[in-house]
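Read off the chains here:
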Amino acid sequence: MMLVNLILKIPFAGAAVGILPFFVLNILKQKRLEAFIKQMPQALDALQGDLRAGLDVQAAIKHVADEFPAPIGEEFAKINVEVGLGLSLNEALNNLVKRVNTMDVQILATGITINRELGGNLGELVRSVAETIKERFKLQGMIRSLTAESSGSAYLLMGLPIALFFLLNGMA
């Protein structure tokens, strides 16, 4: 009987062990993406400063790759490596969009691509994207603080009847 139980439990344990790495990798991927998004406004500010100083886009991207820690420094370094291996900057930026699938990166890559084809003030575009990201962070913080207040009130109201029940039964 014990052998039958063991034989029945092995597939479940194997399935759990097989699925666990996917959950762990998904959590690590999400944390890396959040760290990338948090670093993006400062990286774009540095990129804009380099562009204003007269550097071209590739030199500015290399500077950001050298100055910033992972994950944004690594991703910008991958752009430099890909360009060095013969890809165009547009293809390298499209690869960045595939690796880091966020709207901000898509806007930045599209803006740089259009700017390279049509011309214009790339520094202003980068500043605009950075400002948009900063404003969204502020808005998300306000939303978090406002919802935290109401959810705290909800927990209090849910727990109050239970606490009163035990309090009144304890007195009797």
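Further up the page is the structure itself.
Because the structure is predicted, anything quoted here is derived from the model rather than measured.

Draft legend 1. Region of the structure containing the overall build of the chain. Counting its secondary structure elements, the chain contains six helices and zero strands. Along its sequence from the N terminus, the chain presents helices and strands in the succession α-α-α-α-α-α. C-alpha extents for the chain along the principal axes are approximately 80 × 50 × 25 Å. Within the chain, contacts between residues at least 6 apart in sequence are counted, and of these 55% link residues at least 24 apart.

Draft legend 2. Up close: the nonpolar core. Counting residues in each nonpolar core, the largest one holds 31 residues, and the members touching the most others are M40, L44, L47, I79 and L89. Listed by contribution, the elements that provide at least two residues to this core are α1 (2-52), α2 (57-67), α3 (72-84), α4 (89-99), α5 (103-118) and α6 (122-171). With six residues, α1 is the single largest residue contributor to this core. Those residues in contact with I79 that sit more than four places away from it in its chain are I61, L89, A92, L93, L96 and R99.

Draft legend 3. Structural view of unusual backbone geometry. Put simply, A70 and P71 share a cis peptide bond, and its omega is 5°. Examined against the element boundaries, P71 turns out to sit in the loop between α2 and α3.

Draft legend 4. Examining the packing of α5 against α6 more closely. Contact pair α5 / α6: the axes reach a minimum separation of 10 Å and the direction vectors enclose 170°. Considered as vectors, α5 and α6 are oriented roughly antiparallel to each other. Note on element contacts: α6 touches α5 through L122, L125, V126, V129, I133 and R136, opposite D104, I107, L108, G111, I112 and N115. Class assignment for the residues of the contact of α5 with α6 results in eight nonpolar, two polar and two charged.

Draft legend 5. Up close: the packing of aromatic side chains. One pass over the full model with this rule turns up one aromatic pair. Between the aromatic rings of F165 and F166, the centroid separation amounts to 5.5 Å while the plane-to-plane angle is 70°, which identifies the pairing as edge-to-face. On the basis of relative accessible area, F166 is assigned to the exposed category, the value being 58%.

Draft legend 6. Geometry of the packing of α2 against α3. Where α2 contacts α3, the axes come no closer than 8 Å and their chain directions differ by 140°. Viewed along their axes, α2 and α3 adopt a mutual orientation that is oblique. The hand of the α2/α3 crossing is left-handed. Across the interface between the two elements, Q58, I61, K62, V64 and A65 of α2 pack against G73, F76, A77, I79, N80 and V83 of α3. The class makeup of the residues in the contact of α2 with α3 is seven nonpolar, three polar and one charged.

Draft legend 7. Quick look at the side chain of Q48. Relative to the helices and strands, Q48 is located in helix α1. For Q48, a relative accessible area of 9% corresponds to the buried category. Other than its neighbours up to four places away in sequence, Q48 contacts G123, V126 and R127.

Draft legend 8. Structural view of the environment of Q39. With respect to the helices, strands and loops of the structure, Q39 is situated in helix α1. If sequence neighbours within four positions are ignored, Q39 has contacts with P69, A70, P71 and I72. A distance of 3.1 Å separates a polar side-chain atom of Q39 from the backbone nitrogen of I72.

Draft legend 9. View of α2. Within α2, burial applies to V57, A60, I61, V64 and A65. Down the axis of α2, the smallest arc covering the buried residues is 140°, so these residues share one side. Looking at α2, the residues exposed on the side facing more than 90 degrees away from the buried face are D66 and E67.

Calculation rules
- Residues numbered from 1 in each chain as written.
- Predicted model: local features only at pLDDT ≥ 70, side-chain atom pairs only at ≥ 80, totals over all residues.
- Heavy atoms only, no water.
- Helix = DSSP H or I, 4+ residues; strand = E, 2+ residues; numbered from the N terminus.
- Contact = heavy atoms within 4.5 Å.
- Core = buried A, V, L, I, M, F, W, Y, C linked by side-chain atoms within 4.5 Å.
- Buried < 20%, exposed > 50% of the residue type's maximum accessible area, 1.4 Å probe, protein only.
- Axes fitted to C-alpha atoms, helices over the stretch in contact; angles between N-to-C directions.
- Parallel < 35°, antiparallel > 145°, perpendicular 65-115°, else oblique.
- Nonpolar A, V, L, I, M, F, W, Y, C, P; charged D, E, K, R; others polar.
- Phe/Tyr/Trp six-rings, centres within 6.5 Å; stacked < 30°, edge-to-face > 60°.
- Left-handed = near helix turned anticlockwise from the far one by under 90°.
- Polar contact = N/O pair within 3.5 Å; in protein donor to acceptor, adjacent residues only side chain to side chain.
- Arc of directions from axis to C-beta.

Function cannot be inferred from these measures alone, as they are strictly geometric.
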